Amino acid sequence: MGSLVRSEWRARPAESTLLDQRDRRTFALVVDDSITVRRVTQRLLERNGMRVLTAKDGVDAVSLLQENLPDIILLDIEMPRMDGYEVAAHVRSDPRLKNIPIVMITSRVSEKHRARAIELGVDDYLGKPYQESQLLDAIEPLVNRRPRRCPLGS
């Protein structure tokens, strides 16, 4: 009996993955070391009909990107273990990920930081604190220009 329960429990992630791939909502990955920023951004995006996954730093984000293909990445610069520049460079160098739009959201608003982000291939650059409408206005055209994933069975 116990082995049946364990096998059922192990099968569930595959089912949720199947459902996630059929979900046509915009899928965003929010990467920020601040739990407050992650939660506030997650709630904003979910209120606006998006599906959201969060990562606490760059290492966590790279790990999540191994099994997830978001429509957009919202990325902070200053984080422990792997910063936003390193994540952006990783995404742009990976053939599977390179076309995912990246919006950098950071308190580093100098031209030097912006120029480095743009050089790495970041699509947009917003300063903190951002206005909700400003973030949504940055996301929409980037997601709309990208070809949508085909759900399974289509």
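From a predicted model like this one, the values you see are computed outputs, not experimental measurements.

A. A look at helix H4 (residues 84-93). All of the buried residues in H4 are Gly84, Tyr85, Val87, Ala88 and Val91. Each buried residue of H4 sits inside an arc of 160 degrees when the element is viewed along its axis, so together they form one side. Here the buried face of H4 lies against helix H3 (58-65), strand E3 (72-75), strand E4 (102-106) and helix H5 (111-119).

B. Representation of the pattern of salt bridges within the structure. Overall, the coordinates contain seven salt bridges when judged by the stated rule. For Arg108, the salt bridge is made with Glu78, and the minimal N-O distance between the two is 2.7 Å. Note that Arg108 is positioned in the loop between E4 and H5 and Glu78 in the loop between E3 and H4, a separation of 30 residues in sequence. Note on Arg108: relative accessible area 34%, which makes it partly exposed. For Glu78, a relative accessible area of 39% translates into the label partly exposed. Among the salt bridges present, the one from Arg145 reaches Asp123, with a minimum N-O distance of 2.7 Å. On the criterion of sequence distance, the pair formed by Arg145 in the segment after helix H6 (132-144) and Asp123 in the loop between H5 and strand E5 (124-127) is long-range, its members being 22 residues apart. Classification of Arg145 as exposed rests on a relative accessible area of 55%. Judged by its relative accessible area of 28%, Asp123 is partly exposed. The network of salt bridges with shared partners includes Asp32, Asp76 and Lys128.

C. The arrangement of the confidence of the model for the protein in detail. Taken as a whole, the protein shows an average pLDDT of 85; of its residues, 81% reach a score of 70 or greater. Here residues 4-19 is a poorly scored stretch, pLDDT under 50, and it has one contact once near neighbours within four places are set aside; other chains count. Within the model, pLDDT remains below 50 along residues 150-154, and this stretch shows seven contacts once partners closer than five positions in the same chain are excluded.

D. Spatial organisation of empty space enclosed by the protein. A complete count under the given rule lists two cavities of 30 Å³ or more for this structure. What lines the second largest cavity is simply Val30, Val31, Asp32, Val37, Thr41, Leu74, Leu75, Asp76 and Ile105. At the level of secondary structure, the elements contributing two or more residues to the lining of the second largest cavity comprise strand E1 (27-31), helix H2 (35-47) and E3. Tallied by class, residues from the lining of the second largest cavity come to six nonpolar, one polar and two charged.

E. Spotlight on the packing of H2 against H6. At a closest axis distance of 11 Å, the pairing of H2 and H6 adopts a crossing angle of 65 degrees. Where H2 crosses over H6, the handedness of that crossing is right-handed. Two secondary-structure elements touch here, H2 through Thr41, Leu44, Leu45 and Arg47 and H6 through Glu132, Leu135, Leu136 and Ile139.

F. Inspection of the environment of Glu46 at higher detail. Checked against the element boundaries, Glu46 lands in helix H2. Along the chain, Glu46 and Thr26 lie 20 residues apart, while their C-alpha atoms are 9.7 Å from each other.

G. Representation of the nonpolar core. With 23 residues, the main nonpolar core has Leu29, Val31, Ile73, Leu75, Val91, Ile102 and Met104 as its most contacted residues. Excluding residues that lie within four positions of it along the chain, Leu75 makes contacts with Val31, Gly84, Val87, Ala88, Ile102, Val103, Met104 and Ile105. Formed by 18 residues, the second largest nonpolar core is a distinct cluster that contains Met50, Leu74, Leu126 and Ala138.

Conventions we followed
- Residues numbered from 1 in each chain as written.
- Predicted model: local features only at pLDDT ≥ 70, side-chain atom pairs only at ≥ 80, totals over all residues.
- Heavy atoms only, no water.
- Buried < 20%, exposed > 50% of the residue type's maximum accessible area, 1.4 Å probe, protein only.
- Helix = DSSP H or I, 4+ residues; strand = E, 2+ residues; numbered from the N terminus.
- Arc of directions from axis to C-beta.
- Contact = heavy atoms within 4.5 Å.
- Salt bridge = Lys/Arg side-chain N within 4 Å of Asp/Glu carboxyl O.
- pLDDT = per-residue confidence, 0-100.
- 1 Å grid on protein atoms, 1.4 Å probe; cavity = no way out; pocket = protein on both sides within 12 Å on 5 of 7 lines; lining within 4 Å.
- Points joined across faces, edges and corners; volume = space filled by probe spheres on them.
- Nonpolar A, V, L, I, M, F, W, Y, C, P; charged D, E, K, R; others polar.
- Axes fitted to C-alpha atoms, helices over the stretch in contact; angles between N-to-C directions.
- Left-handed = near helix turned anticlockwise from the far one by under 90°.
- Core = buried A, V, L, I, M, F, W, Y, C linked by side-chain atoms within 4.5 Å.

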